Amino acid sequence: MNKQTMREILRGIYNAATECSLTGKAADGDRVFIQTYNKLREKAAANGWIDGDIVIKLDLNDESVFGDEVTRLKIERMDVIGAAAVVFMSSLGE
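If you had to explain the overall build of the chain to someone new, which residues and values would you point to?
Across its full length, the chain holds four helices and zero strands. Compactness check: the chain gives a C-alpha radius of gyration of 13 Å against a globular reference of 12 Å for 94 residues, within 12% of the reference. By its C-alpha atoms, the chain is 40 × 25 × 20 Å across when sized along the principal axes. Expressed as a percentage of its 94 residues, the buried residues of the chain come to 32%. Taking contacts inside the chain between residues at least 6 apart in sequence as the whole, the part at least 24 apart equals 67%. When the accessible surface of the chain is split by element, carbon and sulfur atoms take 49% of a total near 5,900 Å².

Now the structure itself:
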C-alpha cells in the first residue's frame with residue numbers, strides 16, 4: 001500500500017463519517033471505521049510516514065477522545081472519526 005491509496009481510504013472514511021454525522025444513517029459503522037483507521041495508522045507508522053504522537057490511535061474507551069460515562073453519549077463518534085481522518089491525511093504529506 002502506498003500513501004496515495006492510504007489517503008483515498010482515509011478520504012472515504014472522512015466522507016462517510018461526515019455523511020453519517022449529518023444524517024444519522026450508518027452511524028453504527030463507527031467500529032469498522034475505527035478498526036480500519038487504526039490498521040492504516042499502524043502501517044503508516046511502521047513505514048515512518050506519520051508521527052504516532054500526532055496521529056492518535058482511536059479507542060472507544062479513551063475518555064480524552066470519546067468522553068467519560070457521563071459525556072460519552074453526547075459525543076458524536078463520527079465527528080471524532082472524521083476529524084482524526086483529516087489529521088491523518090494531512091500528516092501523510094506528499
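For the packing of aromatic side chains, give the residues involved together with the corresponding values.
Aromatic rings considered in pairs are described by the distance between their centres and by the relative angle of their planes. Using the criterion set out here, one finds one aromatic pair in the structure. Judged by centre distance (5.4 Å) and plane angle (85°), the rings of Y37 and F88 are edge-to-face. One end of the pair, Y37, is in helix 2 (residues 30–46); the other, F88, is in helix 4 (residues 77–92), with 51 residues separating them in the sequence. Per residue, the accessibility class of Y37 equals that of F88, and both read buried.

Analysis parameters
Residues numbered from 1 in each chain as written. Predicted model: local features only at pLDDT ≥ 70, side-chain atom pairs only at ≥ 80, totals over all residues. Heavy atoms only, no water. Helix = DSSP H or I, 4+ residues; strand = E, 2+ residues; numbered from the N terminus. Rg over C-alpha atoms; globule rule 2.2 N^0.38 Å. Buried < 20%, exposed > 50% of the residue type's maximum accessible area, 1.4 Å probe, protein only. Contact = heavy atoms within 4.5 Å. Areas by Shrake-Rupley, 256 points an atom, 1.4 Å probe, with all protein chains shown as cover. Phe/Tyr/Trp six-rings, centres within 6.5 Å; stacked < 30°, edge-to-face > 60°.

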